[in-house]
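# Geometric and topological summary
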Amino acid sequence: MPDEDVTLVVTTRPKTPSTYSIAVVNDKNFEIDAPESAKSGETVQVTVTVAETFFKVGSVRYNDRPCTYLSDEGAEYFYEFTMPAQDVTLTATVEEDLHPITPIEGEHTTLAILNCHYNYGTPDHVIQASQYTLVRFRYEVDLGYDIRCVARGESGQEIEIGYNPKDESYGACWFVQMPDEPLTIETIATEKTVYDGKDFVGIYNGIEFFTSGTGLVSGATPTLAMDLKANASLTVTSTDRNAFDFDGNYTYDEAADKFDCIRETCKKTYGILGWRIGGDMFIRTNNLLEDKPDHNRYYFTARGAYEYTCAASDSYDQRFLLEIRRGADRTYYYVDMLSYTWDRVDVAFDDGSSIGDRCSALVSRDGTPLFRYVLGTDATAPEFRFKGNEAGSYRLQEGSGPDLTLDGFGGASVGDTPGSYTIEKGIVTFTTDEKTTKYLIDTEYYTYYEVQSDEAWDGTMHFYAESDYGYNSDVSSTEWVKGWVYLDMDIDYSGNPKPRYALIKMLLPDWIGRQFEIVSDCVPYIYDPVAGTLVLSQVLQGKPDGWGSLYLDIAFTVTEGKTLVFTTEKVVSLATPKKYIQTLGLELTPAPEE
């Protein structure tokens, strides 16, 4: 310091910035492009190029400080930073470039994306994928609709959809390749118009042909609803024992007026088919997994409201007479499950006016009587009297007189005198308003005669005869063999009491002497003590003049000692006309045990 005051003067000039190096750290998935050096304070431009477009740059840093993002185009991402007064090392990170996937599920369709889910089951769940990813999905459409599926990128470009029946991870599914932009997959349904305007289309309400063994059910509340839609789909639900709830597609045969489900479209075990009569529909459901008759269910269905009475012929629910009431109108159907027939029938009431109340009516189809329907005073046990084999006209056996005509349903006439009848084997009880008369009929020769007296047998109960005039061609074709006849009165096959019935057995020996039956039958008898006759009505036996069987009376004269003498010429085996017993004049006497 001098020995005087000092004044310091400072002058400045701009400092020249120093230049610092820039290093980059590249990776297989990206490359960083930047100048090798820069002066401190300069703005440095950085370009990061990703190796694949399904990657995007996550961050770019200089000495662990973030660079500023500018823009990106394709695989290139642009950043910048201000050069510090020190050397710089540039680093970057990349991540998968995920684009959102938006499923649009159209009405009457379902659409499920199978992969590309992130944070599934959380509020942050998203569906997204990177470019080239195969987006797998399935879609379905409601029955009766056609479906179209469209995949589009955000740019509006439609993307081709493929199908893989055997995807390793998902099985059969559709797929689309993810574009480098957001993706939308949409399902669009269009309803079919297969049966538009057809009169069979609509909702049918039904009741099952099932009486639970009671024989008779009535009601006004259907238990089944079936919707046949114009789009060729159907739905079935029921509140009865079957608890149906299934659907499917169907085809309708307009020529035959019937429909059938398409089995492969019925996904809930059951199938269905039906026949239409007029505007009503009879349907049958079946179990597709166990297609057996025991699993079939049968229904009557109709559109609109109705009341019904359903009568079954027996506890097995095999035949039904159905009465449908719509206001004052009544419609009748006869249903036979054994022959799978459903017919509209006419019901003519002789007594009563409904099959659900005490009545008697003749049921006819196309003018031909089928059976007589009878419901007694208890109105719980309907009776179906089907046409009997006795139906026809019978002439008087001897002399001249009016014909006896039996309609097979309990209606009869003698000449011009109408009445009703019951029949037991060949014994006809004919009733008019004035009297009751018994007749014996021969259904083989269509003859009859009036029974003058009919009493219970009051003699020996067990008879026996041994004949020397039996014939068995297996034993001898030239000589007679022994024959045996046993007759028991007022008993059945099991030996139990059965008044007014007789059990007759006739036997021959075989070639080694063993006895075998040629006739055995339990039939009603007519005993006329005044005329001294006993007739076994309509015994099943062989034809006397050829092969086959038939029902013929076997007749006896009753002696004063109450023995029985055959007036029937011979009785032939059921098996062959070459085995028989000549019976005319053969006397039956009390069996040895009596």
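The structure we're discussing is the one just above.
Residues numbered from 1 in each chain as written. Predicted model: local features only at pLDDT ≥ 70, side-chain atom pairs only at ≥ 80, totals over all residues. Heavy atoms only, no water.

This paragraph deals with the overall build of the chain. A count of helical and extended segments in the chain gives 0 helices and 52 strands. Compactness check: the chain gives a C-alpha radius of gyration of 50 Å against a globular reference of 25 Å for 594 residues, more than 25% above the reference. When the backbone C-alpha atoms are referred to their principal axes, the chain occupies close to 195 × 65 × 45 Å. Evaluated residue by residue, the chain yields a buried proportion of 43% over its 594 residues. Sequence separation of 24 or more characterises 49% of the internal contacts of the chain that already satisfy a separation of 6 or more. Here the chain displays about 31,600 Å² of accessible surface, and carbon together with sulfur accounts for 46% of that area. Put simply, the chain has 49 plus and 95 minus side-chain charges, and the middle of one group is 3 Å from the middle of the other. (Helix = DSSP H or I, 4+ residues; strand = E, 2+ residues; numbered from the N terminus. Rg over C-alpha atoms; globule rule 2.2 N^0.38 Å. Buried < 20%, exposed > 50% of the residue type's maximum accessible area, 1.4 Å probe, protein only. Contact = heavy atoms within 4.5 Å. Areas by Shrake-Rupley, 256 points an atom, 1.4 Å probe, with all protein chains shown as cover. Lys, Arg positive; Asp, Glu negative; His and termini not counted. Charge placed at Lys NZ, Arg CZ, Asp CG, Glu CD.)

Turning to the sheet that holds strand β21 (residues 216-219), a few remarks are in order. As summarised here, the arrangement of the 8 strands in space is β21-β29-β30-β31-β32-β33-β34-β35, forming an open sheet in which the pairing is antiparallel. For this open sheet the edge positions go to β21 and β35 (383-386), each flanked by a neighbour on one side alone. Strand-to-strand twist across the sheet, computed as the mean angle between neighbouring axes with direction ignored, equals 25 degrees. With 5 bridges connecting them, strand β31 (residues 329-336) and strand β32 (residues 341-351) associate as antiparallel partners. (Pairing = 2+ DSSP bridges. Axes fitted to C-alpha atoms, helices over the stretch in contact; angles between N-to-C directions.)

We now examine the nonpolar core. One finds L487, M506, L536, F556, L564 and L588 to be the most contacted residues of the largest nonpolar core, which totals 28 residues. Among the elements that make up this core, the one with the highest residue count is strand β46 (residues 515-528) (5 residues). Residues A38, Y77, F81 and M83 belong to the second largest nonpolar core, which totals 21 residues. (Core = buried A, V, L, I, M, F, W, Y, C linked by side-chain atoms within 4.5 Å.)

Once that is clear, we can look at the sheet that holds strand β38 (residues 411-414). As summarised here, the arrangement of the 7 strands in space is β36-β37-β38-β39-β40-β41-β42, forming a closed barrel in which the pairing is mixed. The sheet shows a mean angle of 35 degrees between the axes of neighbouring strands, taken without regard to direction.

In this section: the side chain of R284. Along the chain, the position of R284 falls in strand β27 (residues 280-287). Although R284 is buried, it forms no salt bridge, and the closest oppositely charged side chain is D291 at an N-O distance of 5.9 Å. If near-sequence neighbours (up to four positions away) are discounted, R284 is found in contact with G271, I272, L273, W275, N296, R297, Y298 and Y340. (Salt bridge = Lys/Arg side-chain N within 4 Å of Asp/Glu carboxyl O.)

Looking now at the layout of surface pockets. If you add up the space inside the largest pocket, you get close to 520 Å³. Of all the elements in the fold, those that place two or more residues in the lining of the largest pocket are β41 (436-442), β42 (447-450), β46, β47 (533-542), β48 (549-558) and β50 (570-572). Per element, the largest residue contribution to the lining of the largest pocket is 4 residues, and it comes from β47. Tallied by class, the residues present in the lining of the largest pocket amount to 12 nonpolar, 8 polar and 6 charged. (1 Å grid on protein atoms, 1.4 Å probe; cavity = no way out; pocket = protein on both sides within 12 Å on 5 of 7 lines; lining within 4 Å. Points joined across faces, edges and corners; volume = space filled by probe spheres on them. Nonpolar A, V, L, I, M, F, W, Y, C, P; charged D, E, K, R; others polar.)

Time to look at unusual backbone geometry. A negative phi holds for most residues other than glycine; trans holds for most peptide bonds. Within the chain, N119 stands out as a residue other than glycine whose phi angle is a positive 55 degrees. Of note in this structure, A243 is not a glycine but carries a positive phi near 45 degrees. Mapped onto the elements, A243 comes out in the loop between β23 (233-238) and β24 (245-253).

For the coordinates displayed, the defined rule picks out 26 salt bridges. For K56, the salt bridge goes to E95, with nearest N and O atoms at 3.8 Å. With a gap of 39 residues between them, K56 in strand β5 (residues 55-62) and E95 in strand β9 (residues 88-96) connect regions that are remote in the sequence. Note that E307 and R325 form a salt bridge whose closest N and O atoms lie 3.7 Å from each other.

Moving on, we come to the state of the cysteines. Counted according to the given criterion, the structure contains 0 disulfides. Just so you know, C149 is unpaired, no disulfide at all, and the nearest cysteine sulfur is the one on C173, 12 Å from it. (Disulfide = S-S within 2.5 Å.)

Here we come to the environment of A361. Mapped onto the elements of the fold, A361 is located in strand β33 (residues 359-365). Sequence separation of A361 and G483 is 122 residues, and the distance between their C-alpha atoms is 50 Å. Excluding anything up to four places from it in sequence, A361 contacts V347, A348, F349, D350, F371, R372 and Y373.

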